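The lines below spell out each chain.
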Amino acid sequence: MIDVTDRHCRFFHRLLAPRALLYTEMITTGALLHGDAGRHLEYDAAEHPVALQLGGSEPDALARAARLGEQAGYDEINLNCGCPSERVQQGAFGACLMAEPQLVADCIQAMREVVQVPVTVKHRLGLDDEQSYGFVRDFVGVQYEAGCRVFVVHARNAVLKGLSPKENRQIPPLRYAFARQLKQDFPDCVIVLNGGLATAEQAEAEGQGLDGVMLGRAAWHQPEVLRELSQRFWPGDASLDDTDVLQRYAAYTERMVAQGVPMRILVRPLLGWGNGRKGARRWRQMLSDHRLLGQEDPGLLLRAWEQVA
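Everything quoted here is computed from the prediction, not taken from an experiment.

## What to know about the domain arrangement of the protein chain
When the parts come together, some accessible area is lost, and that loss is often what is quoted as the size of the interface.
And then number 1: Domain annotation of the protein chain identifies domain 1 (7–233) and domain 2 (242–306).
And then number 2: Of note, the centres of domain 1 and domain 2, computed from C-alpha atoms alone, are 29 Å apart.
And then number 3: If you look at the interface, domain 1 gives 14 residues, while domain 2 gives 17 residues.
And then number 4: Interface of domain 1 and domain 2: buried area, both sides summed, is about 1,400 Å²; carbon and sulfur atoms make up 63% of it.
And then number 5: Counting the surface domain 1 buries against domain 2, the share from its top three residues, His8, Phe12 and Leu15, is 41%.
And then number 6: Remark: the boundary between domain 1 and domain 2 carries three salt bridges.

And the structure:
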């Protein structure tokens, strides 16, 4: 979710799902250690609980980056072993790391030695044409020996050559049964299901017997699914209605604009919020209008929502 789940997206998603664990976009160790770490790690306190997702393959660099994340107040450090993009492969991290389980274990151990917060892994089921359950079972087993107890399982293979990242989210078949088998084989681990979950009903059904579900693109294209899931998993909790969500995000937008954040960045997470409602097309048009956005007026959100409500 690079360039998608930025801090503004996470603030909006928190309004819809008060208890969900939010994840940052994948941030490389190089960006933190040799770039503007403060900018990359910045977030709003309302985002808690929030996990820092790292991309890297060098134990020492990951340990240093994890320490920065813990010092910044993140609740979890997650190592991405699932991204199949060529850009990530060129950096020798992401999904290609599944071919080197002991290196991943060394990275996990190095991070666990320097932080107190949980260190977790997000991964695929296998690489390319490898279809056996034994591949992912052995990968998880090596990380288990390194002390990892939380695994976010994208229940597809990663095809490293020949498929784009988008195609990697659609073409390799989903095998949710493998995630459930991992829970049986590692009962003391937290196993979270990811991949192809588009609706709250589907996520709840497929997540039976597991410890949680993770939504990525579905939450971006249809943010309302987060509120629906929150109501299913925590039915006793009060949830914000549309007006409350909009007013709180508008107030947040006003603060961010005052700090120099452009409106075009702040409205991106909301473009899909009107999907399925009358007036959704006008909502998207207004929030995509460069002339209106150029005025840097947070009041645009309220005016645009009038077209929906």
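Alright, that's what it looks like, and here's the rest.
## So, the packing of helix α6 (residues 101–112) against helix α7 (residues 133–145)
And then number 1: Closest axis-to-axis distance for the α6/α7 pair is 8 Å, and the angle between their directions is 30°. Between α6 and α7, the angle falls in the class roughly parallel. Between α6 and α7 lies a crossing whose hand is right-handed. For the pair α6 and α7, contact is made by Pro101, Gln102, Val104, Ala105 and Ile108 and by Phe139, Val142 and Gln143, respectively.

## A few points about the packing of α7 against helix α9 (residues 176–185)
And then number 1: Following both chains from N to C, one finds α7 and α9 inclined at 45°, their axes separated by 11 Å at the closest point. As summarised for this structure, α7 and α9 are arranged oblique, according to the angle between their axes. Crossing of α7 over α9 shows right-handed handedness. Between α7 and α9, the contacting residues are Tyr133, Val136, Arg137 and Val140 on the first element and Phe178, Gln181, Leu182 and Asp185 on the second.
And then number 2: In terms of residue class, the contact of α7 with α9 is made up of five nonpolar, one polar and two charged.

Basis of the calculations
Sequence order sets the numbering: in each chain, residues are counted from 1 along the sequence as written. Reporting in this predicted model follows two pLDDT cut-offs: at least 70 for local features of residues, and 80 or more for side-chain atom pairs to be given and counted; totals over whole chains, interfaces and linings ignore these cut-offs and use all residues. Computation of side-chain values covers all heavy atoms of the structure but excludes hydrogens and water. Bear in mind that the domain bounds are from an automatic or database domain assignment. We call two residues in contact whenever any of their non-hydrogen atoms come within 4.5 Å of each other. Here the quantity called buried area is the accessible surface, traced with a 1.4 Å probe, that two parts lose on coming together, added over both. A carboxyl oxygen of Asp or Glu within 4 Å of a side-chain nitrogen of Lys or Arg is what we treat as a salt bridge. Axis definition: a line fitted to C-alpha atoms, over the contacting stretch in the case of helices. Angles run 0 to 180 degrees between N-to-C directions. A run of H or I in DSSP becomes a helix once it reaches four residues, and a run of E becomes a strand once it reaches two; helices and strands are each numbered from the N terminus. Angle categories: roughly parallel below 35 degrees, roughly antiparallel above 145, roughly perpendicular from 65 to 115, and oblique for all the rest. Two helices crossing with the near one rotated counterclockwise from the far one by less than a right angle form a left-handed crossing, whereas a clockwise rotation gives a right-handed crossing. Residue polarity follows a fixed list, in which Ala, Val, Leu, Ile, Met, Phe, Trp, Tyr, Cys and Pro are nonpolar, Asp, Glu, Lys and Arg are charged, and the others, Gly among them, are polar.

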